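What follows is each chain in one-letter form.
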Amino acid sequence: MSVVRKPLIIALEEHYCDPAVTAHFKGPSGNQPALRERLEDLGELRLKSMDEAGISMQVLSHGAPATQRLDAVTAVSVARAANDRLHTTVKAHPDRFGAFGVLPTADPTGAADELERVVSRLGFKGAMVHGLTNGAFLDERRFWPIFERAQALDVPIYMHPAIPHPAVIEAYYRDYVEDFPSILSAGWGFTVETATQAIRMVLSGVFDAYPRLKIIIGHMGEGLPFSLWRIDQAMSRAGNRALDFRATFSEHFWITTSGNFSNPALLCSVMELGVDRIMFSVDYPYVENTQGTDWLKQLPLCAEDREKIMNGNAKRLLKM
Ligand code: MN
């Protein structure tokens, strides 16, 4: 008798919301009750959606901006309590859920300590940070204790977008925000800000200081695989400090497919970074699970490469 084995599908940019965290900001679901319900659900509703789409496992992370807009004192206790509750969720369904913790980045040493706690005590796979920390990019040296600890623990930091800096909104997007609010988020603002954060990380020298540091970015690399050749060429021109931009980016960054199920974007990313750097994700509940797994079924790749994207690369990077 032959047994048809369901493919193992791991998704790793899958969000939830903790009401005790979202109480501190205007919630990521805004005023959409259906989205809010799906963000706050960590049981029946979520598992049913995963089952319908054939998703074996979600690595859970809080929605943006998580704890990145909190002051240093508040952030430490809020992050710790949220991570403890997330641990309880994972323990209830250890075969279905993993976790990326939230970090109180406003207190970089506290964030490094919390990263160590969630990884070594709670079994989390790393941490996710959302956009700027109260207006500051993460490549600033005061945040480097977080990266030092991530390297020591050998876990990745997932750099997720958040709504851009208010000055950027005012200068770049204000004219279109009312008719097209998504210009601030997945429509464009998220992409620019996260790509900028990634570029700044490479320029900062943080990867010279921590040569085994691993960073994940979502949304098929936030446009960077497409632009990598040009950035690299431009940064090599006279007047720039010596830096192998492309090599540094390609060595330290992994990307996920979250919310960007485009074959042209995938093929570009495979050609630029290699298939070993690409991991499946949905961006639930902002994007539908079935949209992601329907796309997986028709990837223009061989079975071995498809398997790497569905689970192999994540298993290796997150030691699952
Ligand atoms: Mn997301």
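Now for a look at the structure at hand. Here the structure is a predicted model, which is why all the values come from computation and not from measurement.

Turning next to the nonpolar core. One finds Phe-147, Ile-157 and Ile-215 to be the most contacted residues of the largest nonpolar core, which totals 65 residues. Membership of the second largest hydrophobic core comes to 13 residues, among which are Val-59, Phe-100, Ile-216 and Leu-318.

Cis geometry is found at the peptide bond from Ala-64 to Pro-65, where omega equals -5°. Across the junction of Tyr-284 and Pro-285, the peptide omega takes the value 0°, indicating a cis bond. Along the chain, Pro-285 falls in the loop between strand E9 (278–279) and helix H13 (289–297). For Asp-154, which is not glycine, the phi torsion reads 55° and is therefore positive. Positionally, Asp-154 belongs in the loop between helix H6 (144–153) and strand E6 (157–160). Phi at Asp-283 takes a positive value of approximately 85°, unusual for a residue other than glycine. Note that Asp-283 resides in the loop between E9 and H13. Since its relative accessible area comes to 10%, Asp-283 is described here as buried.

A word on the coordination of the manganese ion. Taken together, the protein ligands of the manganese ion are Glu-13 (OE), His-15 (NE2), His-160 (NE2) and Asp-283 (OD), with distances of 1.9 to 2.3 Å. In primary-sequence terms, the residues that donate to the manganese ion follow E-x1-H-x144-H-x122-D. As far as burial versus exposure is concerned, Glu-13 and His-15 are alike and both buried.

Time to look at the pattern of salt bridges. The full count for this structure, using the stated rule, is 17 salt bridges. The closest approach of N and O atoms between Glu-288 and Arg-38, which form a salt bridge, is 3.1 Å. One end of the pair, Glu-288, is in the loop between E9 and H13; the other, Arg-38, is in helix H2 (residues 33–40), and 250 residues separate them in sequence. Judged by relative accessible area, Glu-288 falls into the partly exposed class, the value being 37%. Exposure remark for Arg-38: the relative accessible area of 18% places this residue in the buried category. For the salt bridge of Lys-48 with Glu-52, the shortest nitrogen-to-oxygen distance reads 3.2 Å. Taken together, the residues span about one helical turn, with Lys-48 and Glu-52 both in helix H3 (residues 44–53) at a distance of four residues. Glu-52 shares its class with Lys-48; the two are exposed. When salt bridges with common partners are traced through the structure, they connect Asp-84, Glu-114 and Arg-117 into a single cluster.

Strand order in the open sheet formed by six strands is E4-E5-E6-E7-E8-E9, and the pairing between neighbours is parallel. In the strand order of this sheet, the two ends are held by strand E4 (101–102) and E9, each with one partner. As judged from the two bridges shared by E4 and strand E5 (residues 127–130), these two strands associate in the parallel manner. For Val-102, the partnering residue across the bridge sits in E5 and is Met-128.

Analysis parameters
- Residues numbered from 1 in each chain as written.
- Predicted model: local features only at pLDDT ≥ 70, side-chain atom pairs only at ≥ 80, totals over all residues.
- Heavy atoms only, no water.
- Core = buried A, V, L, I, M, F, W, Y, C linked by side-chain atoms within 4.5 Å.
- Buried < 20%, exposed > 50% of the residue type's maximum accessible area, 1.4 Å probe, protein only.
- Helix = DSSP H or I, 4+ residues; strand = E, 2+ residues; numbered from the N terminus.
- Donors = N, O, S within 2.8 Å, 3.2 Å for Na, K, Ca; no water.
- Salt bridge = Lys/Arg side-chain N within 4 Å of Asp/Glu carboxyl O.
- Pairing = 2+ DSSP bridges.

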